[in-house]
Amino acid sequence: MKKLLLIVTIFFSLYSSGQSPMFKLIAKRASAAPYTYILDSLTTDTAQTAYSFRKLREGYSGSCIRVRESGGNTEQDINFVDNFLDTASMKTFVGANSGYIVTIYDQTTNARDATNSTAGEQPRIINAGAVEYDNGHVAARWLGAGYKLSTTAYTAYPDSMTSNFVMRVVSGVSFNASVTKTTTNRGYPLDAWTQRVFSSNGTSSTSLLMTTSFNLPTSGGTWTAKVKTASADGIKSWFNGSTNGSALSAYYTDGSVPLIIGSRADGATSFNGYFFEAITFSAISETELLDGLHANQMNYYGY
Amino acid sequence: MAIKLIIILLFSFTAQSQDLYYVVKSADAEARAKNISKFFYKLSRPDETDVTRYLFGYVRHAENDSIALQIDTSITIPRGNITQAMVDEWVVQVYQSLPNNIRNQLRNYIANNSILRLSALVLVDRIKLETKEQLEARGWFNYNIGL
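What you see is a predicted model, and the numbers here were worked out from it, not measured in a lab. (Residues numbered from 1 in each chain as written. Chains lettered and ligands numbered in written order. Predicted model: local features only at pLDDT ≥ 70, side-chain atom pairs only at ≥ 80, totals over all residues. Heavy atoms only, no water.)

Student: Account for the sheet that holds strand β1 (residues 19–23) of chain B, with residues named and values stated.
Tutor: Residues and elements named next belong to chain B. Read from one edge to the other, the open sheet built from three strands follows the order β1-β3-β2, with strand pairing classed as antiparallel. The sheet is open, and its two borders are formed by β1 and β2 (57–60), each paired with just one other strand. Sheet twist, expressed as the average angle between the axes of neighbouring strands with direction ignored, equals 35°. Running over the sheet, helix α2 (residues 29–42) touches β1, β2 and β3 (67–72) and is turned about 20° from β3. (Pairing = 2+ DSSP bridges. Helix = DSSP H or I, 4+ residues; strand = E, 2+ residues; numbered from the N terminus. Axes fitted to C-alpha atoms, helices over the stretch in contact; angles between N-to-C directions. Contact = heavy atoms within 4.5 Å.)

Student: An account of the packing of α2(B) against helix α3 (residues 84–95) of chain B is needed here, citing residue identities and associated values.
Tutor: When two helices pack together, their arrangement is given by the angle between their axes and by how far apart the axes lie. Residue and element names in this part refer to chain B. Two numbers describe how α2 lies on α3: the axes approach to 9 Å, and their chain directions differ by 155°. What the angle tells us is that α2 and α3 run roughly antiparallel. Judged by the sense of rotation from one axis to the other, the crossing of α2 with α3 is left-handed. Touching R32, N35, I36, F39 and F40 of α2 are E89, W90, Q93 and V94, all from α3. Taken together, the residues that form the contact of α2 with α3 break down as five nonpolar, two polar and two charged. (Parallel < 35°, antiparallel > 145°, perpendicular 65-115°, else oblique. Left-handed = near helix turned anticlockwise from the far one by under 90°. Nonpolar A, V, L, I, M, F, W, Y, C, P; charged D, E, K, R; others polar.)

Student: So what's going on with the packing of aromatic side chains? Which residues, and what values?
Tutor: All names here are of chain A. Per the stated rule, a full pass over the model turns up 21 aromatic pairs over all chains. Where F214 meets F271, the ring centres are 6.0 Å apart and the plane angle is 20°; that geometry is what we call stacked. Of this pair, F214 sits in the loop between β18 (205–209) and β19 (221–228) while F271 sits in the loop between β22 (259–261) and β23 (272–281); the two residues are 57 residues apart in sequence, bridging distant segments of the chain. For F214, a relative accessible area of 2% gives the class buried. (Phe/Tyr/Trp six-rings, centres within 6.5 Å; stacked < 30°, edge-to-face > 60°. Buried < 20%, exposed > 50% of the residue type's maximum accessible area, 1.4 Å probe, protein only.)

Student: I'd like a description of the interface of chain B and chain A, backed by residues and values.
Tutor: In this assembly, 19 residues from chain B lie in contact with 30 residues from chain A. A combined buried area of about 1800 Å² lies between chain B and chain A, and 51% of that area is made up of carbon and sulfur atoms. The tally of links between chain B and chain A comes to zero salt bridges. Our count for the contact surface shared by chain B and chain A stands at nine residue pairs in polar contact (both at pLDDT 80 or more). (Buried area = accessible area lost by both parts, 1.4 Å probe. Salt bridge = Lys/Arg side-chain N within 4 Å of Asp/Glu carboxyl O. Polar contact = N/O pair within 3.5 Å; in protein donor to acceptor, adjacent residues only side chain to side chain.)

Printed below as a string of structure tokens:
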């Protein structure tokens, strides 16, 4: 009887302390919600580009990123494991060196991968053997001037462009860019940096001064900038599920230029901070954007 | 102890990255800049089968077509499997011509080191490096930010 009591006592103490791996596993499996593929969960499927270190669409079977390791400058594709970047394989490949993102693969069916063929401009994903994390999640580190990943030129947003991104500025430099599609220095149709979102036809712009600035280390989270054809509230911003300002859009043309993560075409506005995820849409309702996408990202990334 | 501290401080300072700029003088400055950047990367990866093909980024003058390579002289690159002919080709592509003794010094440095220091490969009397502030004084980085 005493032995039985002892076993029961040990059982409950392990259970309540949560120290036993077995109980941790039982608790995890019991509480784990099914994984949500955010692009599949949206009723409108108008995503034009989608980049992340987690899987956004169940049907996507490609790699997550291509990485260059600094020890010998060799490159390798890194896949997903259980819907997340295979950090174990990446660490094995990079070793004690640093790893840089050569390409982040587009998870939509459009294959608009974002890449950079210049070693000195590639965002860092492993720093001297340690995977980059921010707020508890894998994140790529952009280090300012020159750092960027770009698609090839394309058009896909005839009436509006919605650019959603989860990023956090580390250093509030003069012009911290997020995700843009520009000529040399004008949106074509969208430019977004520091505290402004621009709607443009490639030569003329109108802009929104956002309520909350993107350019603050405390402003990490899920952001969305939307521009559309000329209208009174054609430029809009949302931050962590809330409206972050709106303004007149007087100019809007989607030109055949690349989408750039962390810069704009002239390199004048380069991001210094952490990048987690970016998705663009040719159309998405505000309800789906906030209740679906923002809610999912805020829950997952902890903002 | 004091000497150790000085050495540690010295190394920590020299390890700081410092982006400098080389304003490329050429009729087609962008092509020339890309070629220099490509051949520096080829010292590390000569086979060109990678996505990455360039070592340095470059910036364009805000008001004209001048191009400046952005060069961090504090970095090192791993030497790839390169032949003497490739090194000679690199010298020609980057420096066009060099006195024999300097060319031989570069050859020997590359042949005898598996990790190559940019500060040893960039000959500053041929590749004039300037600070961002020096370029700013001549109108660089004065971008139209679109407001």
